[in-house]
Amino acid sequence: MSLAVFYGGTFDPIHDGHLAVARAARDALAAQVRLMPAADPPHRAAPGADARQRAHMLDLAVAGEAGLVVDRRELRREGRSYTVETLREARAEFGPERPLALLVGADSFLDLPKWREWQALFGLAHFVVAERPGSPLDSARIEAIAPGRETADPASLRQAPAGRVYRLKQPLHAESASQVREFIAAGRPWDEFVPPAVAAYIRECGLYGVVAGRGATPA
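Residues numbered from 1 in each chain as written. Predicted model: local features only at pLDDT ≥ 70, side-chain atom pairs only at ≥ 80, totals over all residues. Heavy atoms only, no water.

The following threshold applies: UniProt positions are given in the numbering used here, feature names are shortened, and annotations may be inferred rather than shown by experiment.
In the annotation of an unreviewed UniProt entry, the protein is listed under the name Probable nicotinate-nucleotide adenylyltransferase and assigned to Lysobacter enzymogenes. UniProt, in its Sequence similarities (unreviewed entry) section for the protein, records the words "Belongs to the NadD family." You can read under Pathway (unreviewed entry) in the UniProt record for the protein the words "Cofactor biosynthesis; NAD(+) biosynthesis; deamido-NAD(+) from nicotinate D-ribonucleotide: step 1/1."

### Things to note about the sheet that holds strand 7 (residues 165-168)
This is how the line gets drawn: Pairing between strands is defined by DSSP: at least two bridges between the two strands are required. Only DSSP runs of H or I reaching four residues or more are called helices, and only runs of E reaching two or more are called strands; each is numbered from the N terminus. Every residue pair with non-hydrogen atoms within 4.5 Å of one another is taken to be in contact. Lines fitted to the C-alpha atoms define the axes, with helices restricted to the stretch that makes contact. Angles between their N-to-C directions range from 0 to 180 degrees.
If you trace the seven strands from one edge of the open sheet to the other, you get 3-2-1-4-5-7-6, paired in parallel fashion. Every interior strand has two partners, whereas the edge strands, strand 3 (68-70) and strand 6 (150-151), have only one. Sheet topology places strand 2 (residues 32-37) next to strand 3; three bridges connect them, and they run parallel. Bridging across to strand 3, arginine 34 finds its partner in valine 69. The strands touched by helix 1 (residues 16-29) are strand 1 (4-9), strand 2, strand 3, strand 4 (100-105), strand 5 (126-130) and strand 7; relative to strand 7, the strand with the most contacts, the crossing angle is about 120°. Seen against the sheet, helix 3 (residues 83-94) touches strand 1, strand 2 and strand 4 and runs at an angle of roughly 155° to strand 4.

### Examining the packing of helix 2 (residues 51-62) against helix 7 (residues 196-205)
Selection rule: Put simply, angles under 35 degrees are roughly parallel, angles over 145 are roughly antiparallel, angles from 65 to 115 are roughly perpendicular, and the rest are oblique. Residues are grouped as follows: Ala, Val, Leu, Ile, Met, Phe, Trp, Tyr, Cys and Pro are nonpolar; Asp, Glu, Lys and Arg are charged; all remaining types, including Gly, are polar.
Interaxial distance between helix 2 and helix 7 falls to 8 Å at its minimum, and their mutual angle equals 150°. Comparing their axes, helix 7 and helix 2 come out roughly antiparallel. Between helix 2, through Arg52, Gln53, His56, Met57, Leu60 and Ala61, and helix 7, the contact on the second element is made entirely by Ala197, Val198, Tyr201, Ile202 and Cys205. In terms of residue class, the contact of helix 2 with helix 7 is built from eight nonpolar, two polar and one charged.

### With respect to unusual backbone geometry
This is how it is decided: Only protein chains enter the accessibility calculation, which uses a 1.4 Å probe; a residue is then buried when its area is under 20% of its type maximum, exposed when over 50%, and partly exposed in between.
That bond from aspartate 12 to proline 13 is cis: its omega, 0°, falls within 30 degrees of zero. By the secondary structure assignment, proline 13 is in the loop between strand 1 and helix 1. A positive phi is found at alanine 30, a non-glycine position, where the angle reads about 50°. Its place among the elements puts alanine 30 in the loop between helix 1 and strand 2. Judged by relative accessible area, alanine 30 falls into the exposed class, the value being 62%. Positive phi outside glycine occurs at glutamate 117, with the angle close to 50°. Residue classification places glutamate 117 among the partly exposed positions, given a relative accessible area of 41%.

### With respect to the pattern of salt bridges
The condition is simple: Each salt bridge in this description consists of a side-chain nitrogen of Lys or Arg and a carboxyl oxygen of Asp or Glu lying within 4 Å of one another.
Applying the stated criterion to the full structure yields 16 salt bridges. A salt bridge links aspartate 27 to arginine 26; the nearest nitrogen and oxygen atoms lie 2.9 Å apart. With a closest N to O distance of 2.8 Å, glutamate 93 and arginine 73 form a salt bridge. Taken together, the residues glutamate 93 in helix 3 and arginine 73 in the loop between strand 3 and helix 3 connect sequence positions 20 residues apart.

### A closer look at the nonpolar core
Threshold: Residue types Ala, Val, Leu, Ile, Met, Phe, Trp, Tyr and Cys, when buried and joined through side-chain atoms within 4.5 Å, form a set referred to as a nonpolar core.
Counting residues in each nonpolar core, the largest one holds 41 residues, and the members touching the most others are Leu35 and Leu103. Here this core takes six residues from helix 1, the largest share from any one element. Among all residues touching leucine 103, those that are not within four sequence positions of it are Val5, Phe6, Tyr7, Gly8, Val21, Ala22, Ala25, Val33, Val128, Ala130 and Leu168. Residues Phe6, Leu87, Phe127 and Val165 belong to the second largest nonpolar core, which totals 25 residues.

What follows is the structure, encoded as structure tokens:
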């Protein structure tokens, strides 16, 4: 049975590191990856770009990318979105037998015990954990959080609906969304970190304090 992979985040903005993780998961797991932008946080200002803009940048970034799609389910929910609620909604949509996986960075996985109802997550989906710069991940760390759940075989994720942990090997990218925003604000070259269509949209909308003609990577 086919595996559906959910990759959540603020994506403010989406950058090449995000895309590298999504592509690596798609290729390693032979699965569709659904990028889920988080909703605007309640009771405070939106991130650098609002939810509609962040979702549109995702649309631009994955256009023409086989196996990568944008999933807006968290934008349709009022109030704060918790991962356990998102996965329960996805499980209700896809049914009890469909293999589902949540794609997270190593830093997020190591913080899993701080998440709401975190132990219930293993009954809803597999975890695909992407290594990240500065967040070392080994079997001992995985075992401490999810004893007996690690698998080295990506095919095994399709053999059960949920409950396993797979460590995703992928090219590490040092850039982060906060770095992109900082570079834009400082007038430093930033285009190389994001897809060209996303860079054009950031300029068109004046996001993150960008000024047209500033921060462009010289030809």
